[in-house]
Amino acid sequence: MSQFSLISGINDFMSDYPQINIVMEEVEGVQLLDQLQAGQFDLGIIRDVQSNLLNASQYTFINLNRDELKIVLPAGHPLAHETSLSIDQLKDYDIAILQSGSGIYEVVNDLFNQAGYTPHIRFTSTHIETLVGVIKDTQRATFLFNNTMKDLAPGEYVALPFKTPIFSTLQIVYPQGSLSQAGRQFVTYLTDHVKREL
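Analysis parameters
- Residues numbered from 1 in each chain as written.
- Predicted model: local features only at pLDDT ≥ 70, side-chain atom pairs only at ≥ 80, totals over all residues.
- Heavy atoms only, no water.
- Helix = DSSP H or I, 4+ residues; strand = E, 2+ residues; numbered from the N terminus.
- Axes fitted to C-alpha atoms, helices over the stretch in contact; angles between N-to-C directions.
- Parallel < 35°, antiparallel > 145°, perpendicular 65-115°, else oblique.
- Left-handed = near helix turned anticlockwise from the far one by under 90°.
- Contact = heavy atoms within 4.5 Å.
- Nonpolar A, V, L, I, M, F, W, Y, C, P; charged D, E, K, R; others polar.
- Core = buried A, V, L, I, M, F, W, Y, C linked by side-chain atoms within 4.5 Å.
- Buried < 20%, exposed > 50% of the residue type's maximum accessible area, 1.4 Å probe, protein only.
- Phe/Tyr/Trp six-rings, centres within 6.5 Å; stacked < 30°, edge-to-face > 60°.
- Lys NZ or Arg CZ within 6 Å of the ring centre and 35° of its normal.
- Polar contact = N/O pair within 3.5 Å; in protein donor to acceptor, adjacent residues only side chain to side chain.
- Salt bridge = Lys/Arg side-chain N within 4 Å of Asp/Glu carboxyl O.

Peer 1: Would you explain the environment of Tyr59 in this entry?
Peer 2: Residue placement: Tyr59 occurs in strand β2 (residues 59–74). Counting along the chain gives 115 residues from Tyr59 to Tyr174, while the straight-line C-alpha distance between them is 5.5 Å.

Shown next as C-alpha cells:
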C-alpha cells in the first residue's frame, strides 16, 4: 500500500473524517477475495490479475494505478546487460518469487507453462525485501511490479521489462450496490488522492 501512496491518502481521510471508523487489514490476494465474497470486507484494494477472478456483473471495479511487471536481477547477473527479456532466456535460472496467491506467482507460472517450461522456483516469500535479499549476488531472478521497487539499492539490481510488456492495474473492488455512504466517501477521497499523486 505504501508503494502507491495509499497510506498517506488513508491517513488523510481518517484525519479529515474522524467520525468514520475505518478498520484495515493487509492480507494476501486470494484471502482478500475470499473475505470480500464472504462479506467480511466492505471493499478491497487488489490487482486486476486477481480481481478478474470475481464475477464482473456482481462487483464494481475502480482503477487506481497501472503498473508494469519487471524481471529483477542482481547487477552481476549474466542477463543484466539485456534491455528486455523473454521466458526462453530465463528458463535455466533459479527463481525467487512472491507466494501463490500474490498474483505475480500465477502470472509468471502461466508464462513459463505457455512457453513449455517449468520454472525453477527455489524460494517463495510474502515479503519483497526477503526476495531482493535472496537474489543478491546470485544468478537468481525475481519478478516485481515497478512501483514496488522504489527502495532497491541503486547499482545493485537491474529491473528489465519482458519483451512483450506485462501490465496490471491496482483496483478498488466492492460488491455492487453494497457500499455505504461512508464507503463511497472513502472511495472518492482515495481515488482523488491517487490521481493527485500520479
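Peer 1: Whenever I open this one, the packing of helix α1 (residues 6–16) against helix α7 (residues 181–197) confuses me. Can you help?
Peer 2: Two quantities define a packed helix pair, namely the angle between the helix axes and the distance between the axes. Interhelical geometry of α1 versus α7 gives an angle of 135° and a closest axis separation of 9 Å. Taken together, the axes of α1 and α7 lie oblique to each other. As for how α1 packs across α7, the hand of that crossing is right-handed. The residues of α7 that touch α1, namely those facing Leu6, Ser8, Gly9, Ile10, Asp12, Phe13 and Asp16, are Ala182, Gln185, Phe186, Tyr189, Leu190, His193 and Val194. A breakdown of the residues in the contact of α1 with α7 according to their chemical character gives eight nonpolar, four polar and two charged.

Peer 1: Would you explain the nonpolar core in this entry?
Peer 2: Here is a general trend for soluble globular proteins: nonpolar side chains tend to be buried in one another's company. Counting 32 residues, the largest nonpolar core has Leu69, Ile71, Leu90, Ile104 and Phe143 as the members making the most contacts within it. Of all the secondary-structure elements, those providing two or more residues to this core are β2, α4 (87–90), β3 (94–98), α5 (104–114), α6 (128–135), β5 (142–145) and β6 (157–175). It is α6 that contributes the most residues to this core, five residues altogether. Of all hydrophobic cores here, the second largest spans 15 residues; its members include Leu6, Leu170, Tyr174 and Leu190.

Peer 1: When you look at the packing of aromatic side chains in this model, what are you seeing that I'm missing?
Peer 2: In this description, an aromatic ring pair is defined by two values, namely the gap between the centres and the angle between the planes. Inspection of the entire model under this criterion finds five aromatic pairs. Every member of this aromatic cluster is reached through a ring pair, and the members are Phe13, Tyr17, Phe186 and Tyr189. Sitting over the ring of Phe145, Arg47 keeps its end group 3.6 Å from the ring centre. Arg66 extends its terminal NZ or CZ atom over the ring of Phe167, reaching a point 3.8 Å from the ring centre.

Peer 1: Hey, could you run me through the side chain of His193 in this one?
Peer 2: Note on placement: His193 falls in helix α7. Polar contacts involving the side chain of His193 include one to the side chain of Ser8, which spans 3.0 Å.

Peer 1: I keep staring at the pattern of salt bridges and nothing clicks. Help me out?
Peer 2: A side chain with one charge can pair with a side chain of the opposite charge if their charged atoms come near. Under the defined criterion, the tally for this structure stands at four salt bridges. Ionic pairing is found between Asp67 and Arg47, a salt bridge with its closest N-O pair at 3.8 Å. One end of the pair, Asp67, is in strand β2; the other, Arg47, is in strand β1 (residues 44–47), and 20 residues separate them in sequence. Looking at Asp67, the relative accessible area reads 3%, which means it is buried. A residue is classified by how much of its surface remains accessible, and Arg47, at 10% relative accessible area, is buried. A salt bridge links Lys91 to Asp92; the shortest N-O distance between them is 3.2 Å. By relative accessible area, which is 27% here, Lys91 ends up partly exposed. Taking relative accessible area as the criterion, Asp92 reaches 59% and is therefore assigned exposed.

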